[in-house]
Amino acid sequence: DLLRKMQESTIWVLGTPVYWWGPTAQFKAFLDRWYGSDRKAIFPGKRVILTIPFEDTYAAAPHHTVGILTEALNYVGAEVVATVLAPGVHRRGEVGQRADLMETASRAGREAVQG
């Protein structure tokens, strides 16, 4: 049912925190389910905004997570139109308290819609 809804939509916002330089196990399982036993899901023309919070302030910490997601999305025909990185985020709800990140996310959404 979720794959059908994904195919019907135009823009996605996908996010995962960085766990040991990669996406969470739950997000990776979600991504892996795009490949059924008899076919893989194809999402041509879908526009995607990636949102990546991470505790670290080391700028390269999300590098592999962004790479994995970008390559996987390109492979299934989707296009990453924006990536919103949120460094130094430790707890749920912190991003919403950071005006700089909220403005970046808002701008990414506007640009994705205007395409």
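To be clear, the structure that these remarks concern was listed above.
Computed from a prediction, not measured in an experiment: that's the story for all the values here. (Residues numbered from 1 in each chain as written. Predicted model: local features only at pLDDT ≥ 70, side-chain atom pairs only at ≥ 80, totals over all residues. Heavy atoms only, no water.)

In this section: the sheet that holds strand β3 (residues 79-87). Overall, parallel pairing links the 3 strands, which are arranged β1-β2-β3 in an open sheet. The outermost strands of the open sheet, each flanked by one partner alone, are β1 (11-15) and β3. Adjacent strand axes in the sheet meet at a mean angle of 15 degrees, parallel and antiparallel pairs treated alike. For strand β2 (residues 47-54) and β3, the ladder comprises 8 bridges, and the chain directions are parallel. Note that in β3 the partner of I49 across the bridge is A82. Sheet strands in contact with helix α4 (residues 99-114) are β1, β2 and β3, and its direction is about 175 degrees off that of β3. (Pairing = 2+ DSSP bridges. Helix = DSSP H or I, 4+ residues; strand = E, 2+ residues; numbered from the N terminus. Axes fitted to C-alpha atoms, helices over the stretch in contact; angles between N-to-C directions. Contact = heavy atoms within 4.5 Å.)

Before going further, it helps to examine a nonpolar patch on the surface. The grouping of Y19, W20 and W21 at the surface amounts to a nonpolar patch, some 480 Å² of accessible area in total. Among the structural elements, Y19 can be located in the loop between β1 and α2 (25-32). (Patch = residues over 30% accessible without salt bridge, like charges linked within 9 Å, V, L, I, M, F, W, Y side chains within 5 Å. Areas by Shrake-Rupley, 256 points an atom, 1.4 Å probe, with all protein chains shown as cover. Salt bridge = Lys/Arg side-chain N within 4 Å of Asp/Glu carboxyl O.)

Before going further, it helps to spend a moment on the packing of aromatic side chains. If you walk through the whole model with that rule in mind, you get 6 aromatic pairs. When the ring of F30 is compared with that of W34, the centres are 5.7 Å apart and the planes differ by 80 degrees; the resulting orientation is edge-to-face. Ring centres of W34 and F43 lie 5.3 Å apart, and the angle between their planes is 75 degrees; on these two criteria the pair is classed as edge-to-face. Here F43 falls in the buried class, since its relative accessible area comes to 0%. Grouped by ring-pair contacts, the aromatic residues W12, F27, F30, W34 and F43 constitute a single cluster. (Phe/Tyr/Trp six-rings, centres within 6.5 Å; stacked < 30°, edge-to-face > 60°. Buried < 20%, exposed > 50% of the residue type's maximum accessible area, 1.4 Å probe, protein only.)

For P44, the position within the fold is in the loop between α2 and β2. Judged by relative accessible area, P44 falls into the exposed class, the value being 57%. Taking the C-alpha atoms as reference points, P44 and G77, separated by 33 residues in sequence, lie 4.2 Å from one another. Apart from residues lying up to four places away in sequence, P44 is in contact with V76 and G77.

It is worth spelling out the nonpolar core at this point. W12, L14, W34 and L73 are the most contacted members of the largest nonpolar core, which has 20 residues in total. Those elements that provide at least two residues to this core are β1, α2, β2 and α3 (63-75). For W12, the contacting residues outside a window of four places in its chain are M6, W34, F43, K46, R47, V48, I49 and L73. By size, the runner-up hydrophobic cluster in this structure holds 5 residues, among which are I49, A82, V84 and A112. (Core = buried A, V, L, I, M, F, W, Y, C linked by side-chain atoms within 4.5 Å.)

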